[in-house]
Amino acid sequence: MSVDSDLYEAASLDGANKWHQFKYIILPSIKSIVVLNIILSISGSLSAFEPPYVITNGTMGTGTYFVMMNRIAHENQKVGLASAMAIVLLLIMLVVNSTPILWGLVTSLKTRREILVYPPKFFNFTPSLEHYFNVFRNGLDIGMRNSLLYSACTIALGLVLGLLAAYGFERYHFPFKKILFYIVIAGIPLSIGSAAMLIPNYLYMMELGLTNKWYTLILLYTAYNLPMAIWIMKGGIEAIPLEIEDAALIDGCSRAYIIGRLIPRLILPSIASSALFL
């Protein structure tokens, strides 16, 4: 929420210095953001395990909650105490992580005037459903439709291309097969760090004239997650005995039937896992 510049001008006319402006104008206006960042920082600090364990190992009084719990459970063999510590931490995390959700719920039930009231009210206000009614009045249903469309098309396109590529890598022999597959595997981190590719992709799509096109996002989402889908489905096809396909060919089945009908039925768990990543 931005701070109205008129408040700064009024404060300056009243003789307020920079510290007073920060204390009485800026800080109250961004209080909710500050509290949310504190909650997220506490949540992240409580759940951190690898860096403290690897760097300090909890020696000389540097152990965090997770490191101490690990030591009590595995080194001291006090599993009951470690389990109790885990439950206590779980309850703390539930309280900490549910605070922003409850805050958002309360805010959604307030009118715009009550949202701007300082200090904020948590209970003594009149609930209103006007924001929920405006969800569809302001055309937000179009955004929901587009999101579902992009997701469905990305999953469908990714599964089809992933199945074809996985079958080709597993069943056929062609030049540079291993090198191409390693390149595919190297693209798996794109599904995790796709935000780092945002600016290069935008410049590339702008050169191709593909910006502001509905299908551009589908192509990008598919490209980001296709390597993971290929890897998962290749593992599923690898577990299918080749004799099953040979028997199908002897019975008169075409290669298209095997790829499009037979193989998908045999690797349904792999297809479901790939769909989750897509």
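Sequence order sets the numbering: in each chain, residues are counted from 1 along the sequence as written. Only residues with pLDDT of 70 or above have their local features reported here, since the model is predicted, and side-chain atom pairs are shown and tallied only from 80 upward, although totals for entire chains, interfaces and linings are computed over all residues. Calculated side-chain values reflect all of the structure's heavy atoms, with hydrogen atoms and water omitted.

A. Broad picture of the packing of helix 10 (residues 177–186) against helix 12 (residues 214–238). Angles shown run from 0 to 180 degrees and are taken between the N-to-C directions of axes, each axis being a line fitted to C-alpha atoms and, for helices, limited to the stretch in contact. Note on conventions: DSSP H or I runs of at least 4 residues are helices, E runs of at least 2 residues are strands, and numbering of each starts at the N terminus. The interhelical angle for the contact between helix 10 and helix 12, taken along N-to-C directions, is 120 degrees, at an axis separation of 8 Å. With respect to each other, helix 10 and helix 12 are oriented oblique. Seen along the crossing, helix 10 lies across helix 12 with a hand that is left-handed. Side by side, helix 10 and helix 12 meet where F181, V184 and I185 of the first sit next to P227, I230, W231 and K234 of the second. Gly is put with the polar residues, along with every residue not named as nonpolar or charged; the nonpolar set is Ala, Val, Leu, Ile, Met, Phe, Trp, Tyr, Cys and Pro, and the charged set is Asp, Glu, Lys and Arg. Its residues assigned to classes, the contact of helix 10 with helix 12 comprises 6 nonpolar, no polar and 1 charged. Roughly parallel refers to an angle under 35 degrees, roughly antiparallel to one over 145, roughly perpendicular to one between 65 and 115, and oblique to any angle outside these ranges. Crossings are assigned a handedness: left-handed for a near helix turned anticlockwise from the far helix by less than a right angle, right-handed for a clockwise turn. Contacts: residue pairs with any heavy atoms within 4.5 Å of one another.

B. Layout of the side chain of K110. Summarising the element assignment, K110 is placed in the loop between helix 6 (79–108) and helix 7 (112–115). Ignoring anything within four residues of it in the chain, the contact list for K110 reads I115, P120, K121, F125, E130 and H131.

C. Representation of a nonpolar patch on the surface within the structure. A patch is a set of surface residues, each over 30% in relative accessible area and not in a salt bridge, joined within 9 Å for like charges and within 5 Å for the nonpolar side chains Val, Leu, Ile, Met, Phe, Trp and Tyr. Computed with a 1.4 Å probe, the accessible areas rest on the Shrake-Rupley method; for each residue, only the protein chains presented here act as cover. Whenever Lys or Arg places a side-chain nitrogen within 4 Å of a carboxyl oxygen from Asp or Glu, that contact is recorded as a salt bridge. Side chains of L149, L157, V160, L161, L164, W214, Y215 and L219 sit close together on the surface and give an oily, nonpolar patch of about 700 Å² of accessible area. At the level of elements, helix 9 (140–171) and helix 12 are the ones that each hand at least two residues to the nonpolar patch. The element contributing the most residues to the nonpolar patch is helix 9, with 5 residues. As for its placement among the helices and strands, L161 is situated in helix 9.

D. Local environment of the packing of aromatic side chains. For Phe, Tyr and Trp, rings pair up if their centres lie within 6.5 Å, where Trp contributes its six-membered ring, and each pair is then called stacked (planes under 30 degrees apart), edge-to-face (over 60) or tilted (otherwise). Using the criterion set out here, one finds 5 aromatic pairs in the structure. Where W214 meets Y215, the ring centres are 5.7 Å apart and the plane angle is 85 degrees; that geometry is what we call edge-to-face. Taken together, the aromatic side chains of F169, F174 and F181 make up a single cluster linked through ring pairs. The ring of F125 has K110 sitting right over it, with the charged end atom 5.4 Å from the ring centre. Either the NZ atom of lysine or the CZ atom of arginine qualifies as a charge over a ring when it sits within 6 Å of the ring centre and within 35 degrees of the ring normal. Its guanidinium or amino end placed over the ring of F181, K234 lies 4.9 Å from that ring's centre, counting from NZ or CZ.

E. Main features of the packing of helix 5 (residues 65–74) against helix 6. Put simply, helix 5 and helix 6 touch, their axes get as near as 8 Å, and they point 155 degrees apart. The angle between the axes of helix 5 and helix 6 places the two elements in the roughly antiparallel class. Every pair of crossing elements has a handedness; the one defined by helix 5 and helix 6 is left-handed. Where helix 5 approaches helix 6, its residues Y65, F66, M69, I72 and A73 are matched on the opposing element by V79, L81, A82, M85, A86, V88 and L89. A breakdown of the residues in the contact of helix 5 with helix 6 according to their chemical character gives 12 nonpolar, no polar and no charged.

F. Region of interest: unusual backbone geometry. Phi is positive for F176, which is not a glycine, with a value near 60 degrees. Take F176: it is sitting in the loop between helix 9 and helix 10. One non-glycine residue, N212, lies in the positive phi region at around 60 degrees. Position of N212 relative to the elements: it lies in the loop between helix 11 (198–208) and helix 12.

So, to be careful, I would describe these as geometric facts and stop short of saying anything about function.
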